[in-house]
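Results of the structural survey
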Amino acid sequence: MSASTLPRLIHVGRGLCGELGEAERREWWLANGLGAYAAGTLSGSLTRRYHGLLVAPLDPPLGRRLVVAKADATLFDGEREWPLFTNRWSDGAVSPAGHVHIEQFRLEGSTPVWQFACADLVIEQRIWMEPGEHTTYVAYRLMGGTPPSPITLRVALLVNDRDHHHVTRVGDIDPRVEAQSDRLRMTVHGDHRLQLIAVGGSVRPDRQWIEGLDLTMERYRGLEDSDNHLQVGVADLELAPDRWCGLVASLAETPNEDLALSLEDLCRRDRALVDRARQAHPEFRQAPDWIEQLLLAADRFVIERDLRDGSEGESVIAGYPWFGDWGRDTMIALPGLTLVTGRVATSRRILETFDGFVDQGLLPNLFPGTGSEPAYNSVDAALWYIEAWRAFVETTGDAAVIPRIYGTLESIIGHYRDGTRFGICMDPEDGLIAAAAPGVQLTWMDAKAGDWVVTPRM
């Protein structure tokens, strides 16, 4: 399927990309449906501790760790060189300033695309994640120009192994790296194996700390604003007209190393998401590109979640990069993310996933991470759950599901009427729901600092 059939709403040129401040303000985000993500700026610089090529939940579903930080590419034509990346340093320097070579940036469907112009050479770069797998691709191809000799890319491979909320000190990690001609392997966070594979070239170990990267957005947030990453190797790639070369960064045992095939599969998936929405709601057939772009963006928030019995369910992540899946947020977002977009099976799986966590009439406000229990401090999540089931039945006409879930919905109403945790109960005088629990935040305004509930709203 041609990528030209995908929406191209986002498209900016050299005037914006060449201005560092403007290029850094624009960020790209990818997700893989497992809670992992990749993110960065249009300029190629890192401005957040959360920016990186592979941030994966190695303690699923919430224990996300930065494992691959950057792939810094430099273009060589035998006589000249051009950096295709940008770094800000803690001393205020910007070096190299590779963003000045960006001719344009665009989104093709869900895929960010950069076009670099270096003398008469035109290089395209794409980054994407494999759905359902902790794998990120960084791919390049020569789009134009007549080089006098073979041209190559030298790509520095920067890794890490830390919680994505933190920063790294020099020496914090000391991984053992195994090298082959076209790949490096290293162990991260226990027994997870990271592979860095050079497609269309070779890779060699080259170990050094890259110190003092400046994180401007963390400074804006009032947090520690300097980070360090470990360079473990350098890949040398051979560029050729209309042929992909690049890097596969993966925690999978046997990731797909065919860049063209992987990209084609992703484009086909993007198109299928749009087509499914059109089939469910014919008005989407006349929708402008920005609507189709939203349909693709919606997909990034749907994630797999393991159930208590070990089976696979689905949920909705509340936002990248900070949040996990929350009951209130999931139920409010579910009709728009799944029913409007024609994803009926996904909608039902999410609702059935939460069914197994209803307790004393309450739905979890915050879903558990590894080894922890759900937090039920929400006065309204269970009510939104009833509303989500109503929307499901109304949209699908699937009344046959009602007998199976009726007991759960009835128990929610019974507990709200008779009283449950956190003082949640129906006032017999007026039929309204009351909620009051000292030290507990129960509404969507749920900020809490230590024992201080900022907005009690009893």
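Attention in this report is confined to the structure presented alongside it. (Residues numbered from 1 in each chain as written. Predicted model: local features only at pLDDT ≥ 70, side-chain atom pairs only at ≥ 80, totals over all residues. Heavy atoms only, no water.)

Concerning the overall build of the chain
Worth spelling out the cut-off: Here a helix means four or more residues in a row that DSSP labels H or I, a strand means two or more in a row labelled E, and each is numbered from the N terminus. Note on method: radius of gyration uses C-alpha positions; expected globular size equals 2.2 Å times residues raised to 0.38. Relative accessibility under 20% of the residue-type maximum defines a buried residue, over 50% an exposed one, and the middle range a partly exposed one, all with a 1.4 Å probe and only protein chains included. We call two residues in contact whenever any of their non-hydrogen atoms come within 4.5 Å of each other. Areas reported here follow the Shrake-Rupley algorithm with a probe of radius 1.4 Å; residue values treat only the protein chains shown as occluding.
Assigned secondary structure in the chain consists of 9 helices and 25 strands. Its C-alpha radius of gyration of 24 Å places the chain within 12% of the 23 Å reference for a compact globule of 458 residues. In the chain, buried positions account for 53% of the 458 residues. Nonlocal contacts in the chain, meaning residues at least 24 apart in sequence, comprise 59% of its contacts between residues at least 6 apart. By element, 52% of the accessible surface of the chain is carried by carbon and sulfur atoms, the whole surface being about 19600 Å².

Here we look at the pairing of strand β12 (residues 135-144)
Worth spelling out the cut-off: The pairing criterion is simple: DSSP has to find at least two bridges between the two strands.
Within β12, 9 of the 10 residues are buried, which leaves the element mostly enclosed by the surrounding structure. As paired strands, strand β11 (residues 121-129) and β12 are joined by 8 bridges and run antiparallel to one another. Following the sheet pairing, Trp 128 is matched in β12 by Tyr 137. As consecutive antiparallel partners, β11 and β12 are separated by 5 residues, and within that stretch Gly 132 has a phi angle of approximately 75°, a positive value.

Thoughts on the side chain of Thr 136
To keep things clear, this is the line we draw: The term polar contact refers here to a pair of N or O atoms within 3.5 Å; inside protein, the definition further demands a hydrogen-donor-capable atom paired with an acceptor-capable atom, and it admits residues adjacent in sequence only when both atoms are side-chain atoms.
Mapping Thr 136 onto the fold places it in strand β12. Taking the relative accessible area as the measure of exposure, Thr 136 reaches 1% and is therefore buried. For Thr 136, the side chain forms a polar contact with the main-chain oxygen of Leu 53, separated by 2.6 Å. The contacts of Thr 136, once residues within four sequence positions are left out, are Ala 38, Leu 53, Leu 54, Ile 127, Trp 128, Met 129, Leu 247, Val 248 and Ala 249.

Observations regarding the packing of helix α4 (residues 259-280) against helix α5 (residues 289-299)
Keep this limit in mind: Working convention: axes come from line fits to C-alpha atoms, limited for helices to the stretch in contact. Angles between N-to-C directions cover 0 to 180 degrees. Oblique is the label for every angle not falling under 35 degrees (roughly parallel), over 145 degrees (roughly antiparallel), or within 65 to 115 degrees (roughly perpendicular). In this scheme the crossing of two helices becomes right-handed for a clockwise turn of the near helix relative to the far one and left-handed for an anticlockwise turn of less than a right angle. Residues are grouped as follows: Ala, Val, Leu, Ile, Met, Phe, Trp, Tyr, Cys and Pro are nonpolar; Asp, Glu, Lys and Arg are charged; every other residue, Gly included, is polar.
Between α4 and α5, the shortest axis-to-axis distance is 10 Å and the interhelical angle comes to 110°. Comparing the axis directions of α4 and α5 gives the class roughly perpendicular. Of the two possible hands of crossing, α4 and α5 adopt the one that is right-handed. Contact residues: α4 offers Arg 269, Asp 270, Arg 271, Leu 273, Val 274, Ala 277 and Arg 278, while α5 offers Glu 292, Leu 295, Leu 296 and Asp 299. For the contact of α4 with α5, the class distribution of residues is 5 nonpolar, no polar and 6 charged.

As for the nonpolar core
Here is the rule: By convention a nonpolar core is built from buried Ala, Val, Leu, Ile, Met, Phe, Trp, Tyr and Cys residues, the set being connected through side-chain atoms within 4.5 Å.
Core analysis: the largest hydrophobic core is formed by 54 residues, its most contacted members being Leu 75, Leu 153, Leu 194 and Leu 196. Not counting chain neighbours up to four residues away, the residues in contact with Leu 153 comprise Ala 73, Thr 74, Leu 75, Leu 84, Tyr 140, Ala 235, Asp 236, Leu 237 and Leu 239.

Concerning a nonpolar patch on the surface
The condition is simple: Like-charged residues within 9 Å of one another, or nonpolar side chains (Val, Leu, Ile, Met, Phe, Trp, Tyr) within 5 Å, are grouped into patches, provided each residue has over 30% relative accessible area and no salt bridge. Basic side-chain nitrogens of Lys or Arg form a salt bridge, by our definition, when they fall within 4 Å of a carboxyl oxygen of Asp or Glu.
A cluster of nonpolar side chains, contributed by Leu 9, Ile 10, Trp 290 and Leu 294, occupies part of the molecular surface with about 380 Å² of accessible area. Among the secondary structure elements, Ile 10 is positioned in the segment before β1 (11-13). For Ile 10, a relative accessible area of 34% translates into the label partly exposed.

Re the packing of aromatic side chains
Defined as follows: Geometry of aromatic contacts follows a simple scheme: Phe, Tyr and Trp rings, the Trp one being its six-membered ring, pair when their centres are within 6.5 Å, and the pair is stacked under 30 degrees between planes, edge-to-face over 60, tilted otherwise. Two conditions define a charge located above a ring, namely a distance within 6 Å from the ring centre to NZ of Lys or CZ of Arg, and an angle within 35 degrees of the ring normal.
Under the definition given, this model contains 11 aromatic pairs. With a centroid separation of 5.7 Å and 75° between ring planes, the pair formed by Tyr 50 and Trp 322 is classed as edge-to-face. Taken together, the positions of Tyr 50 in the loop between β3 (37-41) and β4 (52-59) and Trp 322 in the loop between β21 (312-316) and α6 (327-339) put the pair 272 residues apart, joining distant regions of the chain. Residue class for Tyr 50 comes out buried when judged on its relative accessible area of 3%. Judged by relative accessible area, Trp 322 falls into the partly exposed class, the value being 35%. Taken together, the ring pairs in this structure connect Trp 29, Tyr 37, Phe 301 and Tyr 320 into an aromatic cluster. Stacked on the ring of Phe 76, the Lys or Arg Arg 154 has its end atom at 4.9 Å from the ring centre. Above the ring of Tyr 376, the side-chain terminus of Arg 421 is found at 4.6 Å from the ring centroid.

Looking at the sheet that holds strand β19 (residues 245-250)
With antiparallel pairing, the 9 strands of this open sheet are ordered in space as β1-β9-β10-β11-β12-β19-β16-β15-β14. Edge positions in the sheet fall to β1 and β14 (177-179), since each of these pairs with one other strand and no more. Taking the axes of each pair of neighbouring strands and ignoring which way they run, one obtains an average angle of 15° across the sheet. Direction of pairing for β14 relative to strand β15 (residues 183-188): antiparallel, over a ladder of 3 bridges. The partner of Glu 178 across the bridge, within β15, is Arg 185.

A short note on the side chain of Thr 420
With respect to the helices and strands, the residue Thr 420 is situated in the loop between α9 (402-418) and β22 (425-426). Residue classification places Thr 420 among the buried residues on the basis of a relative accessible area of 15%. Residues in contact with Thr 420, not counting those within four places in the same chain, are Gln 360, Leu 362 and His 415.

A closer look at the pattern of salt bridges
When their charged atoms lie close together, side chains carrying opposite charge are able to pair. Enumeration according to the criterion identifies 44 salt bridges in this entry. Residue Asp 236 is joined to Arg 154 by a salt bridge in which the shortest nitrogen-to-oxygen separation is 2.9 Å. With a gap of 82 residues between them, Asp 236 in strand β18 (residues 226-239) and Arg 154 in strand β13 (residues 151-163) connect regions that are remote in the sequence. The shortest N-O distance in the salt bridge between Glu 178 and Arg 176 comes to 3.4 Å.

A word on helix α8 (residues 381-396)
Definition in use: By this rule the span expected of a helix is its residue count minus one, scaled by 1.5 Å. Taking the helix axis as origin, the arc is that swept by the directions to the C-beta atoms.
Between its first and last C-alpha, α8 extends 22 Å over 16 residues, near the 22 Å set by a 1.5 Å rise per residue. Within the sequence span of α8, burial applies to Ala 381, Ala 382, Tyr 385, Ala 388, Trp 389, Ala 391 and Phe 392. Looking straight down α8, one finds its buried side chains confined to an arc of 165°; they lie on one side. Those residues of α8 that are buried are in contact with α6, α7 (344-355) and α9. One or two steps after α8, the chain reaches Gly 397, where phi turns positive at roughly 70°.

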